[in-house]
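The residues making up each chain are set out below.
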Amino acid sequence: MTSSAPFRRFAFAFGATFAVLYVIALAKDLALFTVFPSLGIVLAGTHHSRDVADPAMGFLAPAMYWYGWAATAALGALMVGLAAASLPGRSAQSVWSGWVWLIPALSMIACVYLTLPWFRL
Amino acid sequence: MVAVALLGAITHQTLAAWGSAGARPGSFFGRFRSIPSASFANAVVVLYAISTLLGGTLYLYFRVDVRPELEHAGHWHALGFFDLKEHFAAIGLALLPAYWVCWRRPLASEPVQTRTALTSILAFIIWWGFLTGHVANNIMGFGS
């Protein structure tokens, strides 16, 4: 059980941090990489179709950011998770375990808010 | 098949987690609770990971071939629901380690509400993904 304590801290910190960072990546369009599936290429960073093709031809090179947003959030959450795992056990005991579900739940609501423009079209 | 197995496992576990501990042994919730809910945790983690991997692969095809047709037909609400599905799926994937720890390595001092809430969030995400995926798939007869 002793060896599982750092993993517990990692898991809780990773889940909550990922949710926050994913919303930030989504809101600020911070994709670690952009996938252009029709062209079969992946570019580092956030690139819009208009950056790689004429705006009128943008439909020929649809860009996908979801993988990049998830990678951005995962990278940040991994660092926070590893930092949490290395903390002494006593410091983590004062943290309310409910954050691990409350923060993702709030992040999901934030995702709904950021997706509202689709429903106004 | 993977999605249906995942739906079954998470739904069973969620109902068991929400069911009253004092449920009669022969009642609906009593029968749910008679099966150790923790035994579903490994299956849910593996099935969720496989589903996300398969979904992430199919998403490439969706973006190139299906989404432009939905945009052309003005199915903006369906696209919004699908966007939510991908956001929720990513958040759910990151919750799997915490979910697994809560079920397989529970602490005596940890409130049971934590794992119940985590399980409920995952159940919501899985059901949302299943229903939204079917709507997006069937709305214009794709895949038929």
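Criteria and thresholds
- Residues numbered from 1 in each chain as written.
- Chains lettered and ligands numbered in written order.
- Predicted model: local features only at pLDDT ≥ 70, side-chain atom pairs only at ≥ 80, totals over all residues.
- Helix = DSSP H or I, 4+ residues; strand = E, 2+ residues; numbered from the N terminus.
- Buried ≥ 20, exposed ≤ 12 C-beta atoms within 10 Å, placed from the backbone.
- Contact = placed C-beta atoms within 7 Å.
- Axes fitted to C-alpha atoms, helices over the stretch in contact; angles between N-to-C directions.
- Parallel < 35°, antiparallel > 145°, perpendicular 65-115°, else oblique.
- Left-handed = near helix turned anticlockwise from the far one by under 90°.
- Nonpolar A, V, L, I, M, F, W, Y, C, P; charged D, E, K, R; others polar.
- Pairing = 2+ DSSP bridges.
- Core = buried A, V, L, I, M, F, W, Y, C linked by C-beta atoms within 7 Å.

### With respect to the overall build of chain B
Thought 1: For chain B, the count of helices and strands is 5 helices and 0 strands.
Thought 2: Each helix and strand of chain B, placed in order from N terminus to C terminus, yields the pattern α-α-α-α-α.
Thought 3: By principal-axis analysis of the C-alpha atoms, chain B measures approximately 55 × 30 × 25 Å.
Thought 4: Looking at chain B as a whole, 34% of its 144 residues are labelled buried.

### Let's talk about the overall build of chain A
Thought 1: Along chain A, the regular secondary structure elements total 5 helices and 2 strands.
Thought 2: Mapped from its N terminus to its C terminus, chain A presents α and β elements in the order α-β-β-α-α-α-α.
Thought 3: Counting only residues that meet the buried cut, chain A has 36% of its 121 residues in that class.
Thought 4: The contacts in chain A between residues at least 6 apart in sequence include a share of 73% that link residues at least 24 apart.

### Some remarks on the packing of helix α1 (residues 4–28) of chain A against helix α5 (residues 99–119) of chain A
All names here are of chain A.
Thought 1: Relative orientation of the contacting elements α1 and α5 amounts to 15 degrees, with a least axis distance of 8 Å. In this view, α1 runs roughly parallel relative to α5, as classed from their interaxial angle. In this structure, α1 crosses over α5, and the sense of that crossing is left-handed. Between α1 and α5, the contacting residues are Phe12, Gly15, Ala16, Ala19, Val20, Tyr22, Val23, Leu26 and Ala27 on the first element and Trp99, Val100, Ile103, Pro104, Ser107, Ala110, Cys111 and Leu114 on the second.
Thought 2: Grouping the constituent residues of the contact of α1 with α5 by class yields 15 nonpolar, 2 polar and no charged.

### Considering the environment of Ile126(B)
Residue and element names in this part refer to chain B.
Thought 1: In this structure, isoleucine 126 sits in helix α5 (residues 112–138).
Thought 2: Considered as a pair, isoleucine 126 and threonine 11 are 115 residues apart in the sequence and their alpha carbons are 9.3 Å apart.
Thought 3: Not counting residues within four places of it along the chain, the set of residues in contact with isoleucine 126 comprises Leu6, Leu7 and Ile10.

### What to know about the pairing of strand β2 (residues 41–44) of chain A
Residues and elements named next belong to chain A.
Thought 1: Sheet topology note: the strand β1 (residues 33–36)/β2 ladder contains 4 bridges and is antiparallel. Residue valine 35 lies in a different strand from β2, and its bridge partner there is valine 42.
Thought 2: Linkage of β1 to β2, two consecutive antiparallel strands, is achieved through a turn of 4 residues, within which glycine 40 is found at a positive phi near 70 degrees.

### Some details on the interface of chain A and chain B
Thought 1: Contact with chain A, which involves 33 residues of that partner, is made by 27 residues of chain B.
Thought 2: Those elements that place two or more of their residues in the side of chain A that touches chain B are α1, α3 (66–85) and α5 of chain A.
Thought 3: Partitioning the side of chain A that touches chain B into residue classes produces 25 nonpolar, 7 polar and 1 charged.

### Remarks on the packing of helix α1 (residues 2–18) of chain B against helix α3 (residues 41–72) of chain B
The packing of two helices is summarised by the inter-axis angle and the distance between the axes.
Residues and elements named next belong to chain B.
Thought 1: At a minimum axis separation of 9 Å, α1 and α3 run at an interaxial angle of 140 degrees. Crossing of α1 against α3: the hand is left-handed. Here Val2, Ala3, Ala5, Leu6, Ala9, Ile10 and Gln13 of α1 come into contact with α3, specifically with Ala43, Val44, Leu47, Tyr48, Ile50, Ser51 and Leu54.
Thought 2: In terms of residue class, the contact of α1 with α3 is made up of 12 nonpolar, 2 polar and no charged.

### Thoughts on the nonpolar core
Thought 1: Of all hydrophobic cores here, the largest spans 60 residues; its most connected members are Phe18(A), Tyr22(A) and Leu118(B).
Thought 2: Per element, the largest residue contribution to this core is 14 residues, and it comes from helix α4 (residues 76–104) of chain B.
Thought 3: Contacts of Tyr22(A), omitting those with residues within four sequence positions, involve Trp69(A), Ala70(A), Ala73(A), Ser107(A), Ala90(B) and Ile91(B).

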